[in-house]
Amino acid sequence: MSRFQSFYQQIAGNKLLHWLETLPAQLKRWEQDALHGDFKQWQKVLDHLPVAAKNHVELKQKVEFGLPEDLSDGQKQRLEALLRQLMPWRKGPFTLHGLTIDTEWRSDWKWDRVLPHISSLKHRTVLDVGCGSGYHLWRMKGEGADFVVGIDPSQLFYCQFEAIKHFHPDPTVHLLPIGIDEMPQLKAFDTVFSMGVLYHRRSPIDFLAQLKQQLRPGGELVLETLVIEGDEQAVLVPTDRYAKMRNVWFIPSTAALLLWLQRVGFNNAKVVDLSVTRVDEQRKTSWMENESLIDFLDPTDHSKTIEGYPAPLRAVIVAQA
Ligand SMILES: Nc1ncnc2c1ncn2[C@@H]1O[C@H](C[S@+](CC[C@H]([NH3+])C(=O)[O-])CC(=O)[O-])[C@@H](O)[C@H]1O
């Protein structure tokens, strides 16, 4: 039986039903391709996670499942050793039975910037495009969403999500290991989030159109991305790397981004937050030991990246389909 069976069952009777025409074949191919190398090792980690009481759940202020007293000291040490095999942990933090996975990013701070500006998620069907390990999926559920789906093609992030879900197997929260290009036009979600993805896309305007194709008419887009200062014609295309990332293509001004959204047919697009990313929001920890933001900035001037571009400035934009 497919590992995605419970997802298929959940959508069989709802407005995502049409997805069943394409998704099972895609995920079957994914399962066939994935089952070797690192993924096989990560799967072993998932298979060995301890079974413990599931009666403590906190999703409103943070993502925390289980109490410390539910596991013996030995089980806790084993849990930590297993979860460390899924490093690097980038998006979080998560607390499981008192063990905190101190991730590279304080994704909770991003959520705090986004939440005050969006429509209530109560009873909504929500999609998060490029959800990473799924941290925000849990916070969306905490805000009362009926059904939450994240998509992200990374096998590691899928395994990290499944490790967290092991401690709270909520049948209404799912991560599917696919990219946006593999999605049919569902026009069904009440809210679509895409945070931290637009600058990784080679065709950002097509990407915005793809996000719109997932929303029902009148549904809400919540977009978070890197921006620069400037007018509606201002867009930075890095010569090579941006903040040491090779896969950054377009960093528009907020004015340009609003124009792009208007051109693909979104209404009422508004910039609701603008924040410079701080070195305490993205940093090296014992769960992510590689370089982090401090290493990507000019050591003598934190207003610039190491390549001399403006340092990361992030905007949150809300718009209607
Ligand atoms: N084609 C694609 N389709 C879907 N996802 C993709 C694609 N390509 C890459 N990704 C995924 O987009 C995520 C971007 S990270 C943002 C995480 C979270 N949203 C956050 O706001 O913290 C930010 C960063 O790494 O710069 C990664 O998890 C990729 O695997």
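Per chain, residues are indexed from 1 in the order of the written sequence. The model is predicted, so local features are restricted to residues of pLDDT at least 70 and side-chain atom pairs to those at 80 or more, both for listing and for counting; the totals for chains, interfaces and linings are taken over all residues. For side-chain calculations, the full set of non-hydrogen atoms in the structure is used, while hydrogens and water are omitted.

Per an unreviewed UniProt entry, the chain goes by tRNA U34 carboxymethyltransferase and derives from Rheinheimera mesophila. In UniProt, the chain has this text filed under Sequence similarities (unreviewed entry): "Belongs to the class I-like SAM-binding methyltransferase superfamily. CmoB family." UniProt positions are given in the numbering used here, feature names are shortened, and annotations may be inferred rather than shown by experiment. Turning to the chain, the UniProt record has this under Catalytic activity (unreviewed entry): "carboxy-S-adenosyl-L-methionine + 5-hydroxyuridine(34) in tRNA = 5-carboxymethoxyuridine(34) in tRNA + S-adenosyl-L-homocysteine + H(+)".

### Some remarks on the UniProt feature "binding site: carboxy-S-adenosyl-L-methionine" (unreviewed entry) in the chain
Summarizing the sequence annotation, UniProt attributes the feature "binding site: carboxy-S-adenosyl-L-methionine" (unreviewed entry) to K91, W105, K110, G130, D152, P153, S154, I180, D181, M195, Y199 and R314 in the numbering used throughout. For the residues just named, distributed over 224 residues, the greatest C-alpha separation reaches 26.1 Å, placing them at more than one site. Of the annotated set named above, K91, W105, K110, G130, D152, P153, I180, D181, M195, Y199 and R314 line the largest pocket. Tracing the sequence through the fold places D152 in the loop between β8 (147-151) and α7 (155-165). Categorising residues by exposure relies on relative accessible area from a 1.4 Å probe, with only protein chains included: less than 20% of the type maximum marks a residue as buried, more than 50% marks it as exposed, and the intermediate range marks it as partly exposed. Owing to a relative accessible area of 9%, D152 belongs among the buried residues under this scheme. Ignoring any residue separated from it by four or fewer positions in sequence, one finds D152 in contact with G130, C131, G132, F157, L175, L176, P177 and I178. A polar atom in the side chain of D152 sits 2.8 Å from the backbone nitrogen of G132. For M195, the location among the structural elements is in strand β10 (residues 189-195). Grid points spaced at 1 Å and placed over the protein atoms alone form the basis of the search, with a cavity being a set where a 1.4 Å probe fits but cannot get out and a pocket an open set showing protein on both sides within 12 Å along at least five of seven lines. Lining residues have an atom within 4 Å of a point. Strands here are runs of E lasting at least two residues and helices are runs of H or I lasting at least four, both read from the DSSP assignment and numbered beginning at the N terminus. Residues are treated as being in contact if the distance between any of their heavy atoms lies within 4.5 Å. N or O atoms closer than or at 3.5 Å make up a polar contact, with two conditions inside protein: a donor-capable atom paired with an acceptor-capable one, and, for residues adjacent in sequence, both atoms drawn from side chains.

### Examining the packing of helix α8 (residues 204-212) against helix α9 (residues 254-263)
Each pair of packed helices can be described by the angle between their axes along with the distance between the axes. To define axes, lines are fitted to C-alpha atoms, for helices over the stretch in contact only, and angles between the resulting N-to-C directions are given on a 0 to 180 degree scale. At their nearest, the axes of α8 and α9 sit 9 Å apart, and the two run at 55° to each other. On the basis of their axis angle, the class for α8 and α9 is oblique. Like other packed secondary-structure pairs, α8 and α9 cross with a definite hand, here right-handed. Along the contact surface, α8 presents P204, I205 and L208, while α9 presents L257, W260 and L261. Here the residues of the contact of α8 with α9 are counted per class, giving six nonpolar, no polar and no charged. Each angle receives one of four descriptions, namely roughly parallel if under 35 degrees, roughly antiparallel if over 145, roughly perpendicular if within 65 to 115, and oblique otherwise. Left-handed describes a crossing whose near helix is turned anticlockwise from the far helix by less than a right angle; the clockwise case is right-handed. Any residue that is not Ala, Val, Leu, Ile, Met, Phe, Trp, Tyr, Cys, Pro, Asp, Glu, Lys or Arg is counted as polar, Gly included; the first ten are nonpolar and the last four charged.

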